[in-house]
Amino acid sequence: MHTDARALAAALLPLVGGAANVSSAAHCVTRLRLALADRSRVDEAALRALPGVLGVVEDGESYQIVLGPGVVGRVTAEFERLLPSAAPAAPPPVTTAAQLAARGAQLKDRHKRRNATPGRAALRRVADVFVPLIPALIGCGILAGVAGLLANLGWLPALTPALSALASAFMALIAVFVGHNTAREFGGTPVLGGAVAAVVVYPGVAKVTAFGSALTPGQGGVLGALAAALLGTYVEKWCRARFPGTLDVLLTPTLTVLVSGLVTLYVLMYAAGQVASATGTAATWLLGHTGALAGLLLGGLFLPLVMLGLHQALIPLHTTLIEQQGHTVLLPLLAMAGAGQVGAAAAVYVRLRHDTSMRTTIRSALPAGLLGVGEPLIYGVSLPLGRPFLTACAGGAAGGAFVGAFAMRGAEVGATAIGPSGWALFPLLAGDAGPAVAAAVYGGGLLTGYAVGFLATYCFGLSGTARVPVGAVCDPEGHEPRPADRPGPRPAPPR
């Protein structure tokens, strides 16, 4: 396994321009994120054709290579070891599927440039604050689910409190990590960002009164921590621009913690607490009263968010709901978009049975799609073909409506952590009606998304958009292309 990761890292490096072109490397759950000096030196076609690469996404300041969960961590570690020097490697040949994937990336990049705004750039930076926290959220979420199951069954009573403590410790201090990452992302000193945000979860805040009521430790949650650290970063920059060296060492950190901390205690914690409370109330009301409609909209619109790279901006909302309710009700609804995408890809696979290149691409990307990694199918299949992207959204809308309809009947489905989706989300499911009901409803939503995405694509998604494979003969009446060497009469030319 490590040998494969080392070989893949060695093959990736020359295709992104070599070690001299890589400024930094990091990873999230599925993607290797690179800061590149010159993106024109990237051989993107060869990169997409490289075995093990599930997709390529250009998003703001980073160049992202989709490798999949588990694999990306090992490849990133090997990639970082190769950065001091890189050996040249011959790029793999370009295939028809790779060219189609490149066309999908061009479409996505066109949308990104058309809609580029400072607001979207800010959302991406906020998402980058939370992405490094996802592995801990997943691990602690699974432990929380196991601890809850053991407690309900009465098994291992001596071990259950320990598992609960391990699962809850990170969430109790998540504000500190959010503050640390916020300061780092926005150009401040990370430890000062953590210090300012730590006041949000400090038990002593219960003695502080703001707006006529005593504060509660954790009030405002991650939103308060984000705002506190962001304010601290601006205070720090203001101080460093005005104090000489000796005074800077003493006064800058002191004033950063003092000014930002006081504003956090007397303003931000209260305001963020109101916003967080409203978020939880709104989510509960929407699912309870308009569950089917809310699920339809969320499931149907999530793929365009993924295409534009804005889906991770929802992480603060998920985290806030997990802090308040123990699970996020939004993630299972949004996960239905991936089900619609899988169904659409399966229909393309069945319809284009003579397109070997496209079928190979779908076979390699479909397992990742079943586990919730949708970028390879989006940029390699549905988006370049056009209509299958829309029919995949229809499948996601149907799955979301299914899950939302059950929420209106009291069978709400939530996830105790964020990160995975698809079939990988089952271990993290929770709900008021119990884990068995939550799993049944979620599984029904996935099957609905698969079925509607497949049928919509099979019936409507390829008319006029299906590609003609090399060497195929087109039927002038619009039937499926027939390979030139396939036996049978050729159609007469139209008169």
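Keep in mind it's a predicted model, so treat the numbers as computed, not measured.

So, how was this worked out
- Residue positions are counted from 1 within each chain, in the order its sequence is given.
- Given that this is a predicted model, residues contribute local features only at a pLDDT of at least 70 and side-chain atom pairs are listed and counted only at 80 or more, while totals for whole chains, interfaces and linings are drawn from all residues.
- Working from all heavy atoms in the structure, the side-chain values ignore hydrogens and water.
- The way it works is that DSSP assigns letters per residue, a run of H or I at least four long becomes a helix, a run of E at least two long becomes a strand, and they are numbered from the N terminus.
- Relative accessibility thresholds used throughout: buried, under 20% of the residue-type maximum; exposed, over 50%; partly exposed, between the two (1.4 Å probe, protein chains only).
- In this analysis, two residues are considered to be in contact whenever any of their non-hydrogen atoms come within 4.5 Å of each other.
- Surface accessibility follows the Shrake-Rupley procedure with a 1.4 Å probe radius. Residue values consider only the protein chains on display as shielding.
- Only the stretch in contact is used when a helix axis is fitted, and all axes are lines through C-alpha atoms; the angle between N-to-C directions ranges over 0 to 180 degrees.
- Our angle categories are set so that under 35 degrees counts as roughly parallel, over 145 as roughly antiparallel, 65 to 115 as roughly perpendicular, and the remainder as oblique.
- Crossing handedness follows the turn of the near helix against the far one: under a right angle anticlockwise gives a left-handed crossing, and clockwise gives a right-handed one.
- As used here, the term nonpolar core means buried Ala, Val, Leu, Ile, Met, Phe, Trp, Tyr and Cys residues forming a set that is joined through side-chain atoms within 4.5 Å.

Novice: Hey, could you run me through the overall build of the chain in this one?
Specialist: For the chain, the helix and strand inventory stands at 17 helices and 10 strands. Counting across all 495 residues of the chain, residues that qualify as buried make up 48%. Long-range contacts, defined as pairs at least 24 residues apart, comprise 71% of the intrachain contacts of the chain with a sequence gap of at least 6. For the chain, the exposed surface amounts to about 22100 Å²; the carbon and sulfur share of it is 66%.

Novice: Sorry, what's going on with the packing of helix α13 (residues 330–351) against helix α17 (residues 435–461) here?
Specialist: Angle between the axes and distance between the axes are the two parameters that describe a pair of packed helices. In the contact formed by α13 and α17, the axes pass within 7 Å of each other and the chain directions differ by 40°. One element, α13, and the other, α17, form an angle in the oblique class. In terms of crossing hand, the pair formed by α13 and α17 is right-handed.

Novice: Got a minute to help me understand unusual backbone geometry in this structure?
Specialist: Generally, phi is negative for residues other than glycine and the peptide bonds are trans, each holding for most cases. Although it is not a glycine, L156 adopts a positive phi angle of roughly 45°. Assessed through its relative accessible area of 49%, L156 is described here as partly exposed.

Novice: Could you clarify how one ought to interpret the nonpolar core in this entry?
Specialist: Looking at soluble globular proteins, one finds that nonpolar side chains tend to be buried together. Of all hydrophobic cores here, the largest spans 65 residues; its most connected members are F130, V178, V348, L425 and Y442. No other element matches the nine residues that α13 contributes to this core. Ignoring anything within four residues of it in the chain, the contact list for L425 reads L331, P332, A335, A415, P420 and Y442. Counting 25 residues, the second largest nonpolar core, distinct from the first, contains L50, V72, V75 and F79.

Everything listed here is a matter of geometry and, on its own, says nothing about what the molecule does.
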